[in-house]
Amino acid sequence: RLIFDIHDEVDGLAGATKAREKIAATASEYLDKLSPDAASDPDLAWELVNAYFRLGKARGGATSSSGKTKSALEFANRVLKLAPPLLNAQPPLSAERLDRLFVIYDELTVLFHEHRQKPEELACVQQLLTLATRLGDFRQAQALNSSARYHDANTSVARAVEDVERAVALLRRN
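Residues numbered from 1 in each chain as written. Predicted model: local features only at pLDDT ≥ 70, side-chain atom pairs only at ≥ 80, totals over all residues. Heavy atoms only, no water.

Asks: I'm lost on the overall build of the protein in this one. Help?
Replies: Helix and strand counts for the protein come out as eight helices and zero strands. Helices and strands in the protein line up, N terminus first, as α-α-α-α-α-α-α-α. Considering the protein as a whole, with its 174 residues, one finds that 40% of them fall into the buried category. Relative to all contacts within the protein whose residues are 6 or more apart in sequence, the contacts with residues 24 or more apart total 57%. Just so you have it, the protein exposes about 9,800 Å², and 52% of that area is on carbon and sulfur atoms. (Helix = DSSP H or I, 4+ residues; strand = E, 2+ residues; numbered from the N terminus. Buried < 20%, exposed > 50% of the residue type's maximum accessible area, 1.4 Å probe, protein only. Contact = heavy atoms within 4.5 Å. Areas by Shrake-Rupley, 256 points an atom, 1.4 Å probe, with all protein chains shown as cover.)

Asks: Explanation requested: helix H5 (residues 95-114) in the structure shown.
Replies: Residues lying three or four places apart along an α-helix face the same way, a consequence of the helix completing one turn every 3.6 residues. The terminal C-alpha atoms of H5 lie 29 Å apart, and with 20 residues this matches the ideal 28 Å at 1.5 Å per residue to within 8%. Leu 98, Leu 101, Phe 102, Ile 104, Tyr 105, Leu 108, Thr 109, Leu 111 and Phe 112 are the residues of H5 that are buried. A positive backbone phi angle near 50 degrees is found at Arg 116, which sits one or two residues after H5. (Expected span 1.5 Å × (residues − 1).)

Asks: Can you walk me through the pattern of salt bridges in this structure?
Replies: Note that side chains of opposite charge can pair when their charged atoms are close. Scanning all chains against the criterion turns up eight salt bridges. Here Asp 32 ties to Arg 78 by a salt bridge, and the two come within 3.3 Å at their closest N and O atoms. Of this pair, Asp 32 sits in helix H2 (residues 17-34) while Arg 78 sits in helix H4 (residues 69-82), and the two are 46 residues apart along the sequence. Taking relative accessible area as the criterion, Arg 78 reaches 24% and is therefore assigned partly exposed. Between Arg 159 and Asp 163 there is a salt bridge; the shortest N-O distance is 3.3 Å. Of the two residues, Arg 159 and Asp 163 are both situated in helix H8 (residues 157-173); the distance of four residues between them amounts to about one turn of the helix. Under the relative-accessibility criterion, Arg 159 is labelled partly exposed at 31%. Note on Asp 163: relative accessible area 0%, which makes it buried. A cluster of three or more residues bridged by salt bridges with shared partners is formed by Arg 159, Asp 163 and Arg 166. (Salt bridge = Lys/Arg side-chain N within 4 Å of Asp/Glu carboxyl O.)

Asks: It is not clear to me how the confidence of the model for the protein should be interpreted in this structure. Could you clarify?
Replies: Parts of the model with low pLDDT should not have their predicted coordinates read in detail. In this model, the protein carries a mean pLDDT of 85, and residues with pLDDT of at least 70 account for 84%. Residue range residues 62-66 is modelled with pLDDT below 50. Its contacts to residues more than four positions away, or to other chains, number 11 contacts. (pLDDT = per-residue confidence, 0-100.)

Asks: Would you take a moment to explain the packing of helix H6 (residues 118-132) against helix H7 (residues 137-154) for this structure?
Replies: Packed helices, taken two at a time, are described by the angle between their axes plus the distance between the axes. Axis separation between H6 and H7 bottoms out at 8 Å; the angle between their running directions is 155 degrees. Comparing the axis directions of H6 and H7 gives the class roughly antiparallel. Considering only the axes of H6 and H7, their crossing is left-handed. The residues of H7 that touch H6, namely those facing Lys 118, Glu 121, Leu 122, Val 125, Leu 128, Leu 129 and Ala 132, are Arg 139, Gln 140, Ala 143, Leu 144, Ser 146, Ser 147, Arg 149, Tyr 150 and Asn 154. Taken together, the residues of the contact of H6 with H7 sort by class into eight nonpolar, four polar and four charged. (Axes fitted to C-alpha atoms, helices over the stretch in contact; angles between N-to-C directions. Parallel < 35°, antiparallel > 145°, perpendicular 65-115°, else oblique. Left-handed = near helix turned anticlockwise from the far one by under 90°. Nonpolar A, V, L, I, M, F, W, Y, C, P; charged D, E, K, R; others polar.)

Asks: Would you mind showing me how to read H7 here?
Replies: For H7, built from 18 residues, the straight-helix expectation of 26 Å at 1.5 Å per residue is met to within 8% by its first-to-last C-alpha distance of 25 Å. Listed as buried for H7 are Asp 137, Arg 139, Ala 141, Ala 143, Leu 144, Ser 146, Ser 147, Ala 148, Tyr 150 and His 151. Against the buried residues of H7 lie H5, H6 and H8.

Asks: What am I meant to see in the nonpolar core here?
Replies: The nonpolar side chains of a soluble globular protein tend to be buried with one another. Formed by 36 residues in total, the largest nonpolar core has its most connected members in Val 49, Tyr 52, Val 79, Leu 101, Tyr 105 and Leu 108. Not counting residues up to four positions away in its chain, the partners in contact with Val 79 are Val 49, Tyr 52, Phe 53, Pro 84, Ile 104 and Leu 108. (Core = buried A, V, L, I, M, F, W, Y, C linked by side-chain atoms within 4.5 Å.)

Spelled out as structure tokens, the structure:
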């Protein structure tokens, strides 16, 4: 938390690029040391997923303008490695955490789509579709929209249209 608080404080300062890069490198080093313990500690895995996600956004994620795409993709891939076991964690994730995980995967699909990382984008889409079944119709429609974007760009326009039609049907139900 300390690292991100400092990062956020200097984020808008002129000439703070070097400081932000040093903070990100320090945070990454610290998180990497903790990562091996994540497999046996779901709470730690949760914190790492969120931290790597925030680092990715700060380093050039889909909504960032820092232009550090390579490191953003590296952090996003760390999220992809750490997050899937959380879906079967004991005790199960709260509805709030499930929804947060959905948002993380949804933003990662955009990052991977923009940088033509097809396998990673597909992995995120699949996780979105899985998560959405536990989160209701609106999230299912969002997941189908991400699936449609993936299929439109990579596999089949017909499949994309099918996903969009399913999403519209879900939204009309409500």
